Amino acid sequence: MNLPETIEQLLCQLEQAGFAAYAVGGCVRDAALGLQPHDYDLCTSARPEEIQTVFSSMPMFLTGVKHGTVSLVTTLGVVEVTTFRTEGGYEDNRHPDWVQFLPEITGDLARRDFTINAMAYSPSRGFQDPFGGRADLEHGILRAVGQPEARFQEDALRILRGARFAARFRLTPEPATFQAMVKLRGLLDQLALERVFCELDGFLRSARVEDLLRFAPLVTQVIPELAPAIHFDQRSPHHALDLYRHIAHVTAALPATPALRWAGLLHDVGKPAAFTLDENGRGHFYGHAQIGADLAEKILRRLHAPNVLRERVVWLIGHHMSLLEPDEPKLRKQLSRWGEETVWELLDLEEADFGGKGTGNSQEGERFQQIRQMLVQIQQEHPVMKREQMAIRGGDLLAMGCPPGPMLGRILQTLLDQVLEGRLPNCRQPLLDAAARLISQDESCLATLDKNRRCLGRTME
Ligand code: ATP
Ligand code: MG
């Protein structure tokens, strides 16, 4: 296993001072998979104060020192160096009530969550893999270290971490680990919701259909609003799959951006509440996009999702039935109004939604292809114009007697739409003429103009 020179040097410094030291956890797992680790953690027999002495010439943080961690600032970023330790007494299913420093590594590896995360390596001491993490990685197995139920009872976050690692590394949980994850899912209710959000977000980013189906009991534990979707028969000729399966297919088909993955997961959360049956026994879901957007708002607020993400997801869900069309003027207007990124995201969501019906309608595929080509063409020809780029401004309309407020915005938008549709050039005089016509047609605008004129008349008298 290759370690960066900085890491080898840190290990070497600890060894030269007479301590055992290893790279440990995620970085060893990633390297074993041939992936580039995003950070490095070290563990050592040195006590925190001894670690500080060995690295006294380096900048460091001591915030974790109570738990044995000294954080060194290196050219590779922060490297955490932690004394071998064990821990216990998880009163709150999360924080250990005590930690105890150990002289050797096996006990330290035993406190870790999964076998794939319980490996260590040092150039001078080789691999330490007492729980068979490498073999599990090779066979694609997620396995808790030790007795799964006990380990999840100690810290319930491990249940969600397990789902995230399974999705990310394409692992299947071995039966005892999986059964314990599902059986103890109720413990997830005790976790801080922002931690739940982070784990679920990580899970969603790499989840395949099988992960979303397998871990449905965990997903619905955290998002009970999705529970009615499970086995929900949509009673529709357009849908071959039950609602949760449809959701799983849509989510997994989407690009792995947080907004799209969350939008996929929650896009139809409003369907059960909107469900009606017609006289032919067919299911309908009128208004489900808006009901879903409202529910998604509530769910994402509860989970403390970042505001920007929440707003994007709620918007996408609210618009996912708006159905983009291969109609160039219309697309120009939508690009201008919603922004490029949003239109592309909506297109991705709508296409995944159609693809996830399980009825294999190829005509729809062609329609999306056409829209994609049209969008690329529009963007290549000339960038879509925004309101700020128009040859007239709000001030021009005010000078013509248009009152400030929503009407002014409405008239500017109409003018922009006409420019985008190619019905007006983006030149000052034609726009002013068209504005004058619109003002004279707008009844509430006329009423204000009349009032202004009457006031003017009175002052002249
Ligand atoms: P990632 O690539 O997502 O950072 P990671 O495995 O490095 O994955 P971290 O949260 O950085 O995950 O934790 C580092 C190591 O600490 C893990 O590999 C694991 O050995 C141990 N660990 C972290 N969280 C827990 C936990 N809740 N219970 C037991 N061990 C844990
Ligand atoms: Mg890590």
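Cut-offs and rules
- Residues numbered from 1 in each chain as written.
- Chains lettered and ligands numbered in written order.
- Predicted model: local features only at pLDDT ≥ 70, side-chain atom pairs only at ≥ 80, totals over all residues.
- Heavy atoms only, no water.
- Salt bridge = Lys/Arg side-chain N within 4 Å of Asp/Glu carboxyl O.
- Helix = DSSP H or I, 4+ residues; strand = E, 2+ residues; numbered from the N terminus.
- Buried < 20%, exposed > 50% of the residue type's maximum accessible area, 1.4 Å probe, protein only.
- Core = buried A, V, L, I, M, F, W, Y, C linked by side-chain atoms within 4.5 Å.
- Contact = heavy atoms within 4.5 Å.
- Domains from an automatic or database assignment.
- Expected span 1.5 Å × (residues − 1).
- Arc of directions from axis to C-beta.
- Phe/Tyr/Trp six-rings, centres within 6.5 Å; stacked < 30°, edge-to-face > 60°.
- Lys NZ or Arg CZ within 6 Å of the ring centre and 35° of its normal.
- Near = heavy atom within 4 Å.
- Polar contact = N/O pair within 3.5 Å; in protein donor to acceptor, adjacent residues only side chain to side chain.
- Areas by Shrake-Rupley, 256 points an atom, 1.4 Å probe, with all protein chains shown as cover.
- 1 Å grid on protein atoms, 1.4 Å probe; cavity = no way out; pocket = protein on both sides within 12 Å on 5 of 7 lines; lining within 4 Å.
- Sits in = over half its atoms within 2 Å of the grid points.
- Points joined across faces, edges and corners; volume = space filled by probe spheres on them.
- Nonpolar A, V, L, I, M, F, W, Y, C, P; charged D, E, K, R; others polar.

Asker: If you had to explain the pattern of salt bridges to someone new, which residues and values would you point to?
Answerer: The tally for this structure, following the rule as stated, stands at 34 salt bridges. Among the salt bridges present, the one from Arg-161 reaches Asp-113, with a minimum N-O distance of 2.6 Å. Of this pair, Arg-161 sits in helix α7 (residues 157–168) while Asp-113 sits in the loop between α4 (105–110) and β8 (120–122), placing them 48 residues apart in sequence. On the basis of relative accessible area, Arg-161 is assigned to the partly exposed category, the value being 24%.

Asker: Residues and numbers for the nonpolar core, please.
Answerer: Within soluble globular proteins, side chains that are nonpolar tend to cluster in buried spots. Judged by nonpolar contacts, the single largest core of 120 residues is most densely connected at Phe-203, Ile-223, Trp-262, Leu-265, Leu-266 and Leu-415. A per-element tally of this core places helix α21 (residues 406–420) first, with eight residues. Discounting chain neighbours no more than four positions away, the residues touching Leu-266 are Ile-223, Leu-226, Ala-296, Ile-299, Leu-300 and Ile-317.

Asker: Now, about the domain arrangement of the protein: what can you tell me, with residues and values included?
Answerer: Each assigned domain of the protein is listed here: domain 1 (1–144), domain 2 (228–383) and domain 3 (388–450). For domain 1 and domain 3, the distance between their C-alpha centres works out to 66 Å.

Asker: I'd like a rundown of helix α22 (residues 428–441), residues and numbers included.
Answerer: Along an α-helix, a turn takes 3.6 residues, which lines up residues three or four apart on a common side. If you check α22, its first and last C-alpha atoms are 20 Å apart, about what 14 residues at 1.5 Å a residue would give, namely 20 Å. For α22, every residue scored as buried is listed here: Leu-431, Leu-432, Ala-434, Ala-435, Leu-438 and Ile-439. The arc that holds the buried residues of α22, viewed along the axis, is 165 degrees, so those residues lie on one side.

Asker: Explain unusual backbone geometry to me, using residue names and the numbers behind them.
Answerer: Where the residue is not glycine, phi is negative for most of them; where a peptide bond is considered, it is trans in most cases. Positive phi, normally seen in glycine, also occurs at Arg-235, with a value near 50 degrees. Note on placement: Arg-235 falls in the loop between α11 (216–222) and α12 (243–253). Judged by its relative accessible area of 39%, Arg-235 is partly exposed. Despite not being glycine, His-304 has its phi angle at roughly 55 degrees, a positive value. Looking at where His-304 falls in the secondary structure, it is placed in the loop between α15 (288–302) and α16 (307–319).

Asker: Quick one: what's the story with the packing of aromatic side chains, residue by residue and with numbers?
Answerer: Two aromatic rings, taken as a pair, are described by how far apart their centres are and by the angle between their planes. Overall, the coordinates contain 13 aromatic pairs when judged by the stated rule. Ring centres of Phe-354 and Phe-368 lie 5.5 Å apart, and the angle between their planes is 55 degrees; on these two criteria the pair is classed as tilted. With Phe-354 in helix α18 (residues 340–355) and Phe-368 in helix α19 (residues 362–381), this pair connects stretches of sequence that are 14 residues apart. On the basis of relative accessible area, Phe-354 is assigned to the partly exposed category, the value being 22%. Note on Phe-368: relative accessible area 1%, which makes it buried. Here the aromatic residues Phe-114, Phe-152, Phe-165 and Phe-169 are joined through ring pairs into a cluster of three or more. Here Arg-134 stacks its cationic end above the ring of Phe-127, 3.8 Å away from the centre of that ring. Cation over ring: Arg-164 sits above Phe-165, and NZ or CZ is 4.8 Å from the ring centre.

Asker: With reference to specific residues and values, describe the site of ligand 1.
Answerer: The full set close to ligand 1 counts 15 residues, and Arg-29, His-38, Asn-117, Asp-155 and Arg-158 are the nearest of them. Here Asn-117 contributes a backbone N or O atom positioned 2.9 Å from an oxygen atom of ligand 1. The fraction of the free accessible surface of ligand 1 (580 Å²) that becomes covered by protein chains is 78%. Among the cavities detected, the one that contains ligand 1 is the largest pocket.

Asker: With reference to specific residues and values, describe empty space enclosed by the protein.
Answerer: Going through the model one piece at a time under the given rule, you end up with one cavity of 30 Å³ or more. Quantified by volume, the largest cavity comes out at close to 40 Å³. Around the largest cavity, the lining residues are Leu-160, Ala-163, Arg-164, Glu-199, Leu-200, Phe-203, Phe-215, Leu-218 and Val-219. Secondary-structure elements contributing two or more residues to the lining of the largest cavity are α7, α9 (193–206) and α11. Looking at the lining of the largest cavity residue by residue, the class counts come to seven nonpolar, no polar and two charged.

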